[in-house]
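Spelled out from the first residue to the last, the chains are:
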Amino acid sequence: MNASLNEILAAAREQGLHLDPERVELDTSGADFVVAHTADEQGTRWVLRAPRRPDVLERAASERRALELVRPRLPVAVPEWRLFSERLIAYPRLSGDPAAGVDLDAGGYVWRFDEKAPPPAFLTTLAEALAALHAVEPGKARAAGLPVRTPAEVRAAFATRMERARALLSVPDVVWRRWQAWLADDDGLWPEHSVVIHGDLHPPHILVDDAHRVVGLLDWTEAQVGDPATDFALLYATLGPDALDVLLEHYRAAGGRVWPRMAEHVVATWMAFPTVLAEFAQLSGEDGPRQLAQALVDASAAEPAGA
């Protein structure tokens, strides 16, 4: 179902959006969409997203509802979809640039700043955006049709993922024991509340301005009511534990609900991320996510206990 550039432009024309084919940049790094960046005849810049697989469409409909829910409630911008069909999603490009891009050759991110010392403005404004998002009433999300999971359901979902991941990956005993200990911990490790989460806060989805302030959040495909730690796990993995501590301090100051063992839970959530990748590999039929999941499991196995 991967659309070519010509097919994307043709789908836009059919829906009344006339674009300049000489000003198109194609991005094929995304797992769910082929993305094109271009401009219309008036010079307005647009982002076009063509679904890679049929299963993406159902989640795209949920994403649209999520955007309508959070747009008036956040201090940062989110996309406003002007076109939405089974062939194409299109919206005017938001201001700002991704905090990091993906370097497929290097297998990592290319940051707009030193990720080992994230600018204070980045951490502060990101924490404020997350606090505002997590303050959205879960009942409004339920009414909007977003998936809703209680803390117990989040835990149960991870238990199911772990069993499926063990069937797909080579999971050493040391990693399996850590996963099971995390699931079984009832001493204040897991949250007692669920919140509206972005669900996929990977650095290219975070837009920043020239001062490194967060000004927008992209790709709300995984938005739902769930574990607040989800929105911190990838940030911990990319920015490190010190940045996580600062981020949580600002999150608390902005009204976010922090419990004593939240940072520990965020780290454990990241350590279980291979199960999420394995689930996606099974859904999509792609081997890349499975390979990455296995690499993360292997790296986790090499870490000392308590890391």
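Residues numbered from 1 in each chain as written. Predicted model: local features only at pLDDT ≥ 70, side-chain atom pairs only at ≥ 80, totals over all residues. Heavy atoms only, no water.

## A look at the nonpolar core
Of all hydrophobic cores here, the largest spans 61 residues; its most connected members are Phe122, Leu126, Ile206, Trp220, Phe232 and Tyr251. Among the elements that make up this core, the one with the highest residue count is helix 3 (residues 120–134) (eight residues). When neighbours within four sequence positions are excluded, Tyr251 is seen to be in contact with Ala127, Leu130, Ala131, His134, Pro228, Phe232, Gly256, Arg257, Val258 and Met262. Judged by nonpolar contacts, the second largest core, of 19 residues, contains Phe158, Met162, Ala165 and Val171. (Core = buried A, V, L, I, M, F, W, Y, C linked by side-chain atoms within 4.5 Å. Buried < 20%, exposed > 50% of the residue type's maximum accessible area, 1.4 Å probe, protein only. Helix = DSSP H or I, 4+ residues; strand = E, 2+ residues; numbered from the N terminus. Contact = heavy atoms within 4.5 Å.)

## Observations regarding the sheet that holds strand 11 (residues 214–217)
Read from one edge to the other, the open sheet built from three strands follows the order 6-10-11, with strand pairing classed as antiparallel. A strand with exactly one partner marks an edge of an open sheet, and here the two such strands are strand 6 (97–98) and strand 11. Pairing of strand 10 (residues 206–208) with strand 11, which is carried by three bridges, proceeds in the antiparallel orientation. Each bridged residue has a counterpart across the sheet, and for Ile206 the counterpart in strand 11 is Leu217. (Pairing = 2+ DSSP bridges.)

## Focus on the side chain of His193
For His193, the location among the structural elements is in the loop between helix 6 (173–184) and strand 9 (195–197). Classification of His193 as buried rests on a relative accessible area of 11%. With residues up to four places along the chain from it excluded, the contact list for His193 reads Pro151, Pro228, Arg257 and Trp259.

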